[in-house]
Amino acid sequence: SQQGEEDPQALSIQEGENATMNCSYKTSINNLQWYRQNSGRGLVHLILIRSNEREKHSGRLRVTLDTSKKSSSLLITASRAADTASYFCATAGGNAGGTSYGKLTFGQGTILTVHP
Amino acid sequence: NAGVTQTPKFRVLKTGQSMTLLCAQDMNHEYMYWYRQDPGMGLRLIHYSVGEGTTAKGEVPDGYNVSRLKKQNFLLGLESAAPSQTSVYFCASRMAGGTGYTFGSGTRLTVV
């Protein structure tokens, strides 16, 4: 079963605009990660936010985490055509004993299209 | 630094045939994972390994076997391929501690 659910499923914007993708999950987590996948390629790790963090930045990326609502958002500012890709959130379980071994559960992804 | 390398990149199998997918990483990562990606399903964990000589089942392990005889290699085997195993297979690895995964570029497998 999928832990993370992304919203929207698809997003189409113009270059220069901001893109916001949301992720909801069901169980407690240790951390939440966002990945990008270009068509026909592997996933690339973008950013990791731990359960005790509320916001994190990396270049044009901003991630927020609200553990009370079990949700996260990824904001890409000043988008570029090269940002066109699928974006996945993935959660690592909150097992205190560490036996989750960092296994990630992925959502179905948001397809982002940035038009030049 | 090659990262995570998967071979082969493409393969077509007939139902009932067997094959092994190879994943190799050169980053000295402890943990390795095999996922499959199907349209509309996201990525689902097949098997994983927390170190040399250890393997464990993930979410969808049936029909697959794995081995990790060397730290840098994680093999995924299909003993008797079925059309339901048509998918894109991704290997990933990571260091111990809460870090992101490094993914391979995938193997596109078609079972006819």
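That block above? That's the structure.
Residues numbered from 1 in each chain as written. Chains lettered and ligands numbered in written order. Predicted model: local features only at pLDDT ≥ 70, side-chain atom pairs only at ≥ 80, totals over all residues. Heavy atoms only, no water.

Student: Would you mind showing me how to read the interface of chain B and chain A here?
Tutor: The accessible area lost on association of the parts is a frequent measure of interface size. Listed by partner, the interface residues are 22 residues for chain B and 21 residues for chain A. Of the roughly 1,600 Å² buried at the junction of chain B and chain A (both faces included), carbon and sulfur atoms supply 52%. There are 0 salt bridges connecting chain B and chain A. Viewed at the interface, chain A and chain B are joined by 4 residue pairs in polar contact (both at pLDDT 80 or more). Elements represented by at least two residues in the side of chain B that touches chain A include exactly β4 (31–38), β5 (42–51) and β9 (87–94) of chain B. (Contact = heavy atoms within 4.5 Å. Buried area = accessible area lost by both parts, 1.4 Å probe. Salt bridge = Lys/Arg side-chain N within 4 Å of Asp/Glu carboxyl O. Polar contact = N/O pair within 3.5 Å; in protein donor to acceptor, adjacent residues only side chain to side chain. Helix = DSSP H or I, 4+ residues; strand = E, 2+ residues; numbered from the N terminus.)

Student: Explain the nonpolar core here, please?
Tutor: Nonpolar side chains in soluble globular proteins generally cluster together in the buried interior. Membership of the largest hydrophobic core comes to 22 residues, with the highest contact counts inside it found for Leu32, Trp34, Leu74, Ile76, Tyr87 and Leu112 of chain A. If you list the elements that add at least two residues to this core, you get β2 (10–14), β3 (19–24), β4 (29–37), β5 (43–50), β7 (61–66), β8 (71–76), β9 (85–93) and β11 (110–115) of chain A. Ignoring anything within four residues of it in the chain, the contact list for Leu32 of chain A reads Cys23, Tyr25, Ile47, Leu48, Ile49, Leu65, Ser72, Cys89, Ala90 and Thr91 of chain A. Membership of the second largest hydrophobic core comes to 19 residues, among which are Leu13, Val66, Ala81 and Tyr89 of chain B. (Core = buried A, V, L, I, M, F, W, Y, C linked by side-chain atoms within 4.5 Å. Buried < 20%, exposed > 50% of the residue type's maximum accessible area, 1.4 Å probe, protein only.)

Student: Help me understand the sheet that holds strand β1 (residues 5–7) of chain A in this model?
Tutor: Picture the strands of a sheet paired through backbone hydrogen bonds; they go either parallel or antiparallel. Residues and elements named next belong to chain A. Spatially, 5 strands are ordered β1-β3-β8-β7-β6 in an open sheet, and the strand pairing comes out antiparallel. Where the open sheet ends on each side, the last strands, each with one partner, are β1 and β6 (55–58). The mean inter-strand angle of the sheet, taken between neighbouring strand axes irrespective of direction, is 20°. Bridge count between β3 and β8: 6 bridges; the pairing is antiparallel. Pairing of Met21 across the sheet is with Leu74, part of β8. (Pairing = 2+ DSSP bridges. Axes fitted to C-alpha atoms, helices over the stretch in contact; angles between N-to-C directions.)

Student: Quick question: what am I supposed to make of the sheet that holds strand β1 (residues 4–7) of chain B here?
Tutor: All names here are of chain B. With respect to topology, 4 strands assemble into an open sheet ordered β1-β3-β8-β7, the strand pairing being antiparallel. The open sheet terminates on both sides in strands that have one partner only, identified here as β1 and β7 (65–67). Looking at each pair of strands side by side, their axes are set apart by 20° on average, direction ignored. In the sheet, strand β3 (residues 19–25) pairs with strand β8 (residues 73–78) via 6 bridges, with the strands oriented antiparallel. Within β8, the residue paired with Leu22 across the bridge is Leu75.

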